[in-house]
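Chains, contacts and geometry: an overview
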Amino acid sequence: MAIQQIKVLIVDDSAVVRQVMTEELSKEVDIQVLGSAADPIYARERMKLQWPDVIVLDIEMPRMDGLTFLRQLMVERPTPVVICSSLTERGARVTIDALAAGALGIITKPSLGVRGFLQDSSADLVCAIRAAAAAAGRLRRHVPAPPPAASTTSATSSASNFVTEKMQSPKLSADAVLEKPSGVPMVGLTERLVVVGVSTGGVQALETVLPALSPSCSALAIVQHMPERFTASFAERLNQICRIEVREAQNNDRLQRGRALIAPGGRHMLVKRGQGHYYVEVIDGPLVSRHRPSVDVLFRSVAKCAGKNAMGILMTGMGDDGARGLKELRDSGARTVAQDEESCVVFGMPKEAIRIGAADSVAPLSDIARLIEQNNR
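For every chain, the first residue of the written sequence is number 1, and numbering continues from 1 along that sequence. Only residues with pLDDT of at least 70 get local features here, since the model is predicted, and only at 80 or more are side-chain atom pairs given and counted; chain-wide, interface and lining totals rely on the full set of residues. Working from all heavy atoms in the structure, the side-chain values ignore hydrogens and water.

1. Observations regarding the pairing of strand β12 (residues 278-283)
Only protein chains enter the accessibility calculation, which uses a 1.4 Å probe; a residue whose area is less than 20% of its type maximum is buried, one above 50% is exposed, and one in between is partly exposed. Each helix is a run of DSSP H or I of at least 4 residues and each strand a run of E of at least 2, with the numbering of both proceeding from the N terminus. Residues Tyr278, Val280 and Val282 of β12 are buried on one face, while the alternating residues Tyr279, Glu281 and Ile283, pointing to the opposite face, are not. Two strands pair under a simple rule: DSSP has to find at least two bridges between them. In terms of strand pairing, strand β9 (residues 254-255) meets β12 through 2 bridges, oriented antiparallel. Counted as the bridge partner of Leu255 is Tyr278 from β12. Inspection of the sheet shows strand β11 (residues 268-273) paired to β12 by 6 bridges, in the antiparallel sense. Residue Lys272 lies in a different strand from β12, and its bridge partner there is Tyr279. The antiparallel pairing of β11 with β12 creates a hairpin that spans 4 residues between the two strands, and Gly276 there sits at a positive phi of about 80°.

Okay, structure coming up:
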């Protein structure tokens, strides 16, 4: 039986990037590179001949920038897009805008040494393309909301790499970071909190849920799979469109009503109990379920310290990070929710949670804010 190939178009103004990506992707039997273009205008002409399954898209290009092209594409003919972005202040901020507009993944690239970097990280690029192709049927035509005001978040220009799963690393469980819950019921604190795990499609999902929450809602701790230095820009964007406070978590930040803390890219976030309150601990550590931050780590920490006072929500994303953690939450007495298949961009993480009996309810994206508000009672 012939292998169904993913047809890919590369749109980047760097000849080196186009050449190296073409060489690396051509090694994969399930990927066919249709061609490349130096900017979206050339890409449009190429797409008249054959429409790609996935587009790898640069942000800053001559004649038309990648974000403008992406927004047009998502209105006219939604197509899976993986953003190839430089890790700079502007690059991080605009890439978040691109994810909100419908892009499905990020590959970061350095300013220098790009050839070697792309060769070394080709497995991540391949994985991102496969994940994007898998989500093709769930993309919908929409007119993206205007981007919020520019963030002042700082970022570095050092190379970083993100993709839904890092296939080259060993797949460790949350045991690599903290021990399993003891099963002893939690006592002493009555304050409620909500923990959320999300990956591919999560930017749009969180931009649907969080702005609908009232300032009196339960405290939230969120893991969104995203590169280091990008989460600060994402939190700032959310903070501008929400009634609640949203910010990137820092070590010892307190969890309180009307506040959502987002785990920093490249760090694990755990919830701890202090003197009558919950707070977060931000730590280094190995990749768990091939992610850092890992949803499994966050969820296990809450199963240990909050139990029935918590609600766990697992939303759209590829892979299985968070499924076992959600089961531990349910076993500890917490209420657990998985996003339904119809409203997920990628029904990977919630599907696995449902399969292993981790979710006591399954809900569409449109109901999740209401469920969070009910958690106050």
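2. What to know about helix α9 (residues 295-305)
Counting buried positions along α9 yields 10 of 11 residues, so the element is predominantly enclosed. Listing the buried residues of α9 in full gives Val295, Asp296, Val297, Leu298, Phe299, Arg300, Ser301, Val302, Ala303 and Cys305. Where α9 begins, the side chain of Ser294 points an oxygen toward the backbone nitrogen of Asp296, at a separation of 3.1 Å. Immediately downstream of α9, the backbone of Gly307 shows phi near 55°, a positive value. In the analysis that follows, any N or O atom pair within 3.5 Å is treated as a polar contact, provided that within protein one partner can donate a hydrogen and the other can accept it, and provided that, for residues neighboring in sequence, both atoms belong to side chains.

3. Some points on the pattern of salt bridges
Side chains bearing opposite charge may pair, as long as their charged atoms lie close to each other. By salt bridge we mean one thing: a side-chain nitrogen of Lys or Arg within 4 Å of a carboxyl oxygen of Asp or Glu. Applying the stated criterion across every chain, the model contains 25 salt bridges. Measuring nitrogen to oxygen at the nearest pair gives 2.8 Å for the salt bridge that ties Glu245 to Arg247. By relative accessible area, which is 27% here, Arg247 ends up partly exposed. Where salt bridges share partners, they join Lys171, Asp296, Asp320 and Arg324 into one cluster.

4. Points about the packing of helix α7 (residues 202-209) against helix α8 (residues 230-241)
The axes are straight lines fitted to the C-alpha atoms, using for helices just the contacting stretch, and the angles between their N-to-C directions are given from 0 to 180°. The contact between α7 and α8 brings their axes to 10 Å, and the two run at 25°. For the element pair α7 / α8, the angle class is roughly parallel. With respect to the hand of their crossing, α7 and α8 are arranged in right-handed fashion. Residue-level contacts link Val203, Leu206 and Glu207 of α7 to Phe234, Arg237, Leu238 and Ile241 of α8. Just so you know how the angles are binned, under 35 degrees is roughly parallel, over 145 roughly antiparallel, 65 to 115 roughly perpendicular, and the rest oblique. For any pair of crossing helices, the crossing counts as left-handed if the nearer helix is rotated counterclockwise from the farther one by less than a right angle, and right-handed if it is rotated clockwise. In what follows, a contact means two residues having at least one pair of non-hydrogen atoms within 4.5 Å.

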